[in-house]
Amino acid sequence: MKINNNPFSGLSKTEIITWLKEDDPEKLNELWQHANSMRREHVGDEVHLRGIIEISNFCCRKCAYCGISVLNHDLQRYRMDLEEIVACAGEIENYGFGTVVLQSGEDFFLTKEWIAELITKIKTITNLAVTLSFGERIGDELVAWKEAGADRYLLKIETGNPDLYRKIHPRQNSPWENRIDLIRFLAAAGYETGSGIMVGIPGQTFEDLADDLLLLQELNIDMLGIGPFIPHPGTKLGQEYRHLRNDKNQAPNSEIMVYKVNALIRILCPDINIPTTTALATINKTSGRELSLSRGANVIMPNMTPVNYRKLYEIYPGRICLEEFGEEAVEAIRGRIFSSGRKISTGQGPSPSYLYKLKENTNNKYIGRRL
């Protein structure tokens, strides 16, 4: 029996699975309300805005689900130059955002020195926090970028099931265990560390999702992004998805399932930052962001990539960001936040979990083996 009959106190794997399978609207409303209450208590009513710049769609990976995989020979590739990216970062600050997110495929033509110079320039001309999302890079690079001024790093585990990970990542890719090692390395190097999973990967069960949530809690992540698997027709997994049979153990890639996972991770990790993802907004363009904000999320990450590049970063089809441009889009997002009864953060918005770690461990330099 739960303490004070609280159904959310110390959730076990069995209880998480029960919530993932729950379809009763009244019970789900109880879940939404509790997640929203936990969000308000631990991270407040502010919504943090992070502007994403997709700086390159080159990728050496052969991931079975991703539209910018090296196997996609029909895709026009691009790399933004340094001055373009710095100018975009300046625009992001002018819009009142507190963070720029630099994202790319796993592109090793973006060298350690070039990225360090980019970070230094952005930190020189803006007061933005800099988040990096460049995939699996070696320890020397990650340390150099932290020393150049990078604040955060995003590296999604995608799934906590090593067998399922191998299915969606061919042998040419590094093993699942390397991602876990890198996440721990990033935290030890002083980064505010982000990760996340996809919901509804073909072959993913409710048990897998429950294990994912408990693993993310164990890793003590500071930011978690949860989005639905959206099949890309030009990928192996996208083609398999079309023939997927209705398996009662298959976790659906539905909007409601993403809300459940978001709410449960807020309850399990109350003091982290949780974005409402672009993928979720893509499957519900009308109210996906607002509903996510009312069910545990506290971050929105608008895409600020220049229009001529944006359509070429097609990790999945139909992305909502292709329809959102400039000041008008930013004002629309602000309106959505205010209509949800929330307010917009005016700072960089680090998570309380990360601030607590800084307070507890002032010597957060990585001392140990280099990856």
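As the structure is a prediction and not an experimental result, all values here were calculated from the model. (Residues numbered from 1 in each chain as written. Predicted model: local features only at pLDDT ≥ 70, side-chain atom pairs only at ≥ 80, totals over all residues. Heavy atoms only, no water.)

The predicted model of the chain has a mean per-residue pLDDT of 89, with 90% of residues at 70 or higher. When the criterion is pLDDT under 50, residues 365-371 qualifies, and its contacts beyond four places in sequence or with other chains add up to 15 contacts. (pLDDT = per-residue confidence, 0-100. Contact = heavy atoms within 4.5 Å.)

On to the environment of Thr-346. Structurally, the position occupied by Thr-346 is in the loop between strand 9 (343-344) and helix 15 (352-360). Along the primary structure Thr-346 and Gly-288 are separated by 58 residues, whereas in three dimensions their C-alpha atoms are 23 Å apart. (Helix = DSSP H or I, 4+ residues; strand = E, 2+ residues; numbered from the N terminus.)

With that settled, consider the packing of aromatic side chains. Tallying each qualifying case throughout the model produces 5 aromatic pairs. Look at Tyr-153 and Tyr-191: their rings are 5.9 Å apart centre to centre, the planes differ by 80 degrees, and that puts the pair in the edge-to-face class. Placement of the pair is Tyr-153 in strand 4 (residues 152-154) and Tyr-191 in the loop between helix 7 (176-188) and strand 5 (192-199), with a sequence separation of 38 residues. The buried category is assigned to Tyr-191, whose relative accessible area is 1%. (Phe/Tyr/Trp six-rings, centres within 6.5 Å; stacked < 30°, edge-to-face > 60°. Buried < 20%, exposed > 50% of the residue type's maximum accessible area, 1.4 Å probe, protein only.)

What follows concerns the side chain of Ser-345. By secondary structure assignment, the location of Ser-345 is in the loop between strand 9 and helix 15. Note on Ser-345: relative accessible area 6%, which makes it buried. Within polar-contact distance, the side chain of Ser-345 engages the side chain of His-48 at 3.1 Å. Not counting residues within four places of it along the chain, the set of residues in contact with Ser-345 comprises Glu-46, Val-47, His-48 and Gly-96. (Polar contact = N/O pair within 3.5 Å; in protein donor to acceptor, adjacent residues only side chain to side chain.)

For helix 7, spanning 13 residues, the distance from its first C-alpha to its last is 19 Å, which sits close to the expected 18 Å at 1.5 Å a residue. Tucked into the core, helix 7 has its buried residues touching helix 5 (139-148), strand 4, helix 6 (162-168), strand 5 and helix 8 (206-219). Just past helix 7, the residue Gly-190 takes up positive phi, approximately 100 degrees. (Expected span 1.5 Å × (residues − 1).)

Now for helix 14 (residues 326-339). Taking 1.5 Å per residue as the helical rise, helix 14 with its 14 residues ought to reach 20 Å, and the 20 Å between its terminal C-alpha atoms agrees with that figure. Buried within helix 14 are the following residues: Ala-329, Val-330, Ile-333, Arg-334 and Ile-337. Along the axis of helix 14, the buried positions cluster into a sector of 140 degrees, meaning they face one direction only. Opposite the buried face of helix 14, at more than 90 degrees from it, the exposed residues are Glu-328 and Ser-339. On its buried face, helix 14 sits against strand 1 (46-56), helix 12 (288-293), strand 8 (299-300) and strand 9. A positive backbone phi angle near 75 degrees is found at Gly-341, which sits one or two residues after helix 14. (Arc of directions from axis to C-beta.)

Moving on, we get to the pattern of salt bridges. Across all of its chains, the model carries 18 salt bridges by this definition. Measuring nitrogen to oxygen at the nearest pair gives 2.6 Å for the salt bridge that ties Arg-39 to Asp-45. Overall, the relative accessible area of 2% leaves Arg-39 in the buried class. Linking Arg-137 and Glu-141 is a salt bridge whose minimum nitrogen-to-oxygen distance equals 3.0 Å. Like Arg-137, the residue Glu-141 is buried in the burial classification. Because the salt bridges share partners, they merge into one network encompassing Arg-61, Glu-106, Glu-136, Glu-158 and Arg-179. (Salt bridge = Lys/Arg side-chain N within 4 Å of Asp/Glu carboxyl O.)

Glancing now at the nonpolar core. Core analysis: the biggest nonpolar cluster contains 103 residues, and Ile-53, Leu-102, Leu-132, Trp-145, Tyr-153 and Tyr-191 have the highest contact counts within it. Top contributing element to this core by residue count: helix 10 (residues 255-268), with 9 residues. Filtering out sequence-adjacent residues up to four positions away, Trp-145 remains in contact with Thr-111, Lys-112, Ile-115, Ala-116, Ile-119, Leu-132, Phe-134, Arg-137, Ala-150, Tyr-153 and Tyr-191. With 6 residues, the next largest nonpolar core counts Val-101, Met-223, Val-299 and Met-301 among its residues. (Core = buried A, V, L, I, M, F, W, Y, C linked by side-chain atoms within 4.5 Å.)

This part takes up the environment of Pro-270. As for its placement among the helices and strands, Pro-270 is situated in the loop between helix 10 and strand 7 (275-276). C-alpha of Pro-270 to C-alpha of Glu-255: the two residues are 15 residues apart in sequence and 22 Å apart in space. Contact partners of Pro-270, with chain neighbours within four places excluded, come to Met-38, His-42 and Val-43.

Within the secondary structure layout, Asn-262 lies in helix 10. Separated by 142 residues in the primary sequence, Asn-262 and Thr-120 place their C-alpha atoms 34 Å from one another. Ignoring sequence-local partners within four residues, the contact set of Asn-262 consists of Ile-226, Ile-274, Leu-280, Ser-292 and Arg-295.

Turning next to the pairing of strand 3 (residues 129-133). A large share of strand 3 lies buried, amounting to 5 of its 5 residues. Pairing of strand 2 (residues 99-104) with strand 3 involves 5 bridges; the strand directions are parallel. Residue pairing across strands places Val-100 opposite Val-130, the latter belonging to strand 3. Between strand 2 and its parallel partner strand 3, the chain crosses via helix 4 (residues 112-125), and the hand of that crossover is right-handed. (Pairing = 2+ DSSP bridges. Right-handed = clockwise from strand over helix to strand, strands pointing away.)

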